[in-house]
Amino acid sequence: MTGVPASAAGGSPSAKGAMSAPDASGAPGDGKQVRGGKLTAAAVDQASLWNIANILTMIRLVLVPGFVALMLADGGYDPAMRAWAWAAFAVAMITDIFDGHLARTYNLVTDFGKIADPIADKAIMGAALICLSGLGDLPWWVTVVILGRELGVTLLRFVVIRYGVIPASRGGKLKTLAQGTAVGMYILALTGALATLRFWVMAVAVVLTVVTGLDYVRQAVVLRRQGIAARQAAAEETAR
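Residues numbered from 1 in each chain as written. Predicted model: local features only at pLDDT ≥ 70, side-chain atom pairs only at ≥ 80, totals over all residues. Heavy atoms only, no water.

## What to know about the nonpolar core
Applicable threshold: What we call a nonpolar core is a set of buried Ala, Val, Leu, Ile, Met, Phe, Trp, Tyr and Cys residues that are connected through their side-chain atoms within 4.5 Å. The classification of residues rests on relative accessible area computed with a 1.4 Å probe and restricted to protein chains. Under 20% of the type maximum is buried, over 50% is exposed, and intermediate values are partly exposed. Helix numbering and strand numbering both begin at the N terminus, where a helix is a DSSP run of H or I of at least 4 residues and a strand a DSSP run of E of at least 2. The contact definition used throughout considers only heavy atoms, calling two residues in contact when any of these lie within 4.5 Å.
One finds Phe-67, Met-71, Phe-89, Val-183, Ile-187 and Met-202 to be the most contacted residues of the largest nonpolar core, which totals 33 residues. Those elements that provide at least two residues to this core are helix 3 (52-72), helix 4 (79-105), helix 5 (111-134), helix 6 (140-159), helix 7 (170-187) and helix 8 (193-239). If near-sequence neighbours (up to four positions away) are discounted, Phe-89 is found in contact with Phe-67, Ile-124, Met-125, Ala-128, Gly-180, Val-183, Gly-184 and Ile-187. In terms of nonpolar packing, the next biggest core, distinct from the first, is built from 7 residues, Val-153, Val-160, Ile-166 and Tyr-216 among them.

See below:
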């Protein structure tokens, strides 16, 4: 599951023998061991990039331009094209659920994943909201509120990262579910009662977006105060 070859893990007897074989002078081949170790480590690092979690993230990134093309096909009002756009959006949302879980469960976290995963999340949601507002299906203020909250929370995390990490909350997860459901319903060409229902689902999503955003601000303030207090206490202890 980790992508580490059996030879790198020391499972092959021939590999063990090769690593411990002496050189021409009869001394252990230390130089060969170091070079082999570096090559093995490089191979493992390279292989870890192509784990299942990162592949799902890459799929989500690739889906973004395809989703936009489907949304805007034939002026953006072809029910069939909108249905295909919804399918692309649904796949992106499903991969968002599974890639993080797989990365944490099977220790597949990489630097690439840390950077690409949040970018992919915001890219597909941002593309959907902007397309919907551009087509006149969703008020622009809704798009501004949702995207502004997402970007604001991301910047807030970076600002307070020196003091600690703001964990994802249940409210944040519920917000993501509400947003995905509401946006998905707006992507489909719904009419009648379903069109009315999606309005209320979006209203719930907007409320959760604002409330959880304010909660992140509160957590950031508390975290910063605690971090400053801890540093001052450590400085006073050192000065004694």
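## Brief notes about the packing of aromatic side chains
We count it as follows: Only the six-membered ring of Trp is used, alongside the rings of Phe and Tyr, when aromatic pairs are assigned; centres must lie within 6.5 Å, and planes under 30 degrees apart are stacked while those over 60 apart are edge-to-face, with the rest tilted. Either the NZ atom of lysine or the CZ atom of arginine qualifies as a charge over a ring when it sits within 6 Å of the ring centre and within 35 degrees of the ring normal.
With the rule as written, the count across this model stands at 2 aromatic pairs. Between Phe-67 and Phe-89, the aromatic rings sit 6.0 Å apart at their centres with planes inclined by 40°, giving tilted as the arrangement. Of this pair, Phe-67 sits in helix 3 while Phe-89 sits in helix 4, placing them 22 residues apart in sequence. Here Phe-199 and Trp-200 contribute two aromatic rings whose centre-to-centre distance is 5.2 Å and whose plane-to-plane angle is 80°, an arrangement assigned as edge-to-face. Positioned above the aromatic ring of Tyr-186 is the side chain of Arg-198, whose terminal nitrogen or guanidinium carbon lies 4.5 Å from the ring centre.

## Here's the deal with the pattern of salt bridges
Let me state the cut-off plainly: Salt bridges, as used here, are contacts in which a Lys or Arg side-chain nitrogen is within 4 Å of a carboxyl oxygen on Asp or Glu.
Applying the stated criterion across every chain, the model contains 6 salt bridges. Put simply, Asp-96 and Arg-60 hold a salt bridge, and the shortest N to O gap is 3.8 Å. One end of the pair, Asp-96, is in helix 4; the other, Arg-60, is in helix 3, with 36 residues separating them in the sequence. In this structure, Asp-96 and Arg-60 share a single accessibility class: buried.

## Thoughts on the confidence of the model for the chain
What counts, and what does not: What pLDDT expresses is the predictor's confidence in each residue, scored from 0 to 100.
Summary statistics for the chain give a mean pLDDT of 79 and a share of 80% for residues scoring 70 or more. Ranking the helices and strands of the chain by mean pLDDT puts helix 7 first, with 92, and helix 1 (residues 13-20) last, with 42. Here residues 1-47 scores under 50 on pLDDT; set against residues more than four positions off or in separate chains, the count is 23 contacts.

## Re unusual backbone geometry
In the Ramachandran plot, Asp-74 falls in the positive-phi region, its phi being about 55° despite a non-glycine side chain. In this fold, Asp-74 is placed in the loop between helix 3 and helix 4. Given a relative accessible area of 62%, Asp-74 falls into the exposed group.

## Let's talk about helix 3
Residues that lie three or four places apart on an α-helix share one face, since the helix turns once every 3.6 residues. Operational definition: One less than the number of residues in a helix, times 1.5 Å, gives the span that helix is expected to have.
With 21 residues, helix 3 ought to run about 30 Å at 1.5 Å a step, and its terminal C-alpha atoms sit 31 Å apart, in line with that. By the burial criterion, the buried members of helix 3 are Ala-53, Asn-54, Leu-56, Thr-57, Arg-60, Leu-63, Val-64, Phe-67 and Met-71. Positive phi appears at Asp-74, one or two residues downstream of helix 3, with a value of about 55°.

## Regarding the environment of Leu-197
As for its position among the elements, Leu-197 is in helix 8. Considering only alpha carbons, one finds Leu-197 and Met-185, 12 residues apart in sequence, at a separation of 8.9 Å.

## Things to note about the packing of helix 4 against helix 7
Put simply, the rule is: Here an axis means a line fitted to C-alpha atoms, over the contact stretch when the element is a helix, while the angle between two N-to-C directions is reported on a 0 to 180 degree scale. Geometric relationships in this document are graded by angle, where less than 35 degrees denotes roughly parallel, more than 145 denotes roughly antiparallel, 65 to 115 denotes roughly perpendicular, and other angles denote oblique. Rotating anticlockwise by less than a right angle from the far helix to the near helix defines a left-handed crossing, while the corresponding clockwise rotation defines a right-handed one. Under the scheme applied, nonpolar residues are Ala, Val, Leu, Ile, Met, Phe, Trp, Tyr, Cys and Pro; charged residues are Asp, Glu, Lys and Arg; polar residues are all the others, including Gly.
At a minimum axis separation of 9 Å, helix 4 and helix 7 run at an interaxial angle of 165°. Classified by the angle their axes make, helix 4 and helix 7 are roughly antiparallel. Classified by chirality, the crossing of helix 7 by helix 4 is right-handed. Residues Arg-82, Ala-85, Trp-86, Phe-89 and Met-93 of helix 4 lie in contact with helix 7, whose contacting residues are Gly-180, Val-183, Gly-184, Tyr-186 and Ile-187. Partitioning the contact of helix 4 with helix 7 into residue classes produces 7 nonpolar, 2 polar and 1 charged.

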